[in-house]
Amino acid sequence: MHRPDRIGALVLTFAVIAIYIGVANLLNWLSLASLPLGTIDAVPIMVIDVAILNLYVIRQRKRNQTSQNPQ
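Below is a short write-up of the structure. Everything numeric here is computed off the predicted structure, so don't read it as measured data.

**Here's the deal with the overall build of the chain**
Helix and strand counts for the chain come out as 2 helices and 0 strands. For 71 residues, the compact-globule estimate of 2.2 N^0.38 gives 11 Å, and the chain exceeds it by more than 25% at 16 Å. Expressed as lengths along the three principal axes of its C-alpha atoms, the size of the chain is roughly 60 × 20 × 15 Å. Put simply, the chain has 71 residues, and 18% of those count as buried. Taking the intrachain contacts of the chain between residues at least 6 apart in sequence as the baseline, contacts between residues at least 24 apart amount to 54%. When the accessible surface of the chain is summed, it comes to about 5900 Å², and 67% of that surface belongs to carbon and sulfur atoms.

**Some thoughts on helix α1 (residues 6-29)**
Between the first and last C-alpha of α1 there are 35 Å, a value that for 24 residues agrees with the 34 Å anticipated at 1.5 Å per step. Considered for burial, the residues of α1 that qualify are Gly 8, Val 11, Ala 15, Ala 18, Ile 21, Gly 22 and Ala 24. Buried residues along α1 sit against α2 (42-68). Of the residues trailing α1, Ser 31 is marked for its positive phi of about 60 degrees.

**Some details on the side chain of Asp 49**
Within the element layout of this structure, Asp 49 appears in helix α2. One buried charged residue, Asp 49, forms no salt bridge at all, with the nearest opposite charge on Arg 59 at 14 Å.

**Section: the environment of Asn 25**
Relative to the assigned elements, Asn 25 resides in helix α1. Among residues more than four places away in sequence, those in contact with Asn 25 are Gly 38, Ile 40, Asp 41 and Ala 42.

What counts, and where the lines are drawn
Residues numbered from 1 in each chain as written. Predicted model: local features only at pLDDT ≥ 70, side-chain atom pairs only at ≥ 80, totals over all residues. Heavy atoms only, no water. Helix = DSSP H or I, 4+ residues; strand = E, 2+ residues; numbered from the N terminus. Rg over C-alpha atoms; globule rule 2.2 N^0.38 Å. Buried < 20%, exposed > 50% of the residue type's maximum accessible area, 1.4 Å probe, protein only. Contact = heavy atoms within 4.5 Å. Areas by Shrake-Rupley, 256 points an atom, 1.4 Å probe, with all protein chains shown as cover. Expected span 1.5 Å × (residues − 1). Lys, Arg positive; Asp, Glu negative; His and termini not counted. Salt bridge = Lys/Arg side-chain N within 4 Å of Asp/Glu carboxyl O.

Have a look at this one:
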């Protein structure tokens, strides 16, 4: 198992923040809890997060393919 690179840590951090905002928004909408950042619209953040995660996965797959086939 390798250490995550800096970009991976940033992507992971952004994903955790986006999930928190989504959960806070859901709990606020259900009137179960009022968490900070619960009134922010979570849909654009989730769309951006999905796009960034997809680009990161593509980057990692290309990196793994080039490291396995050095030509």
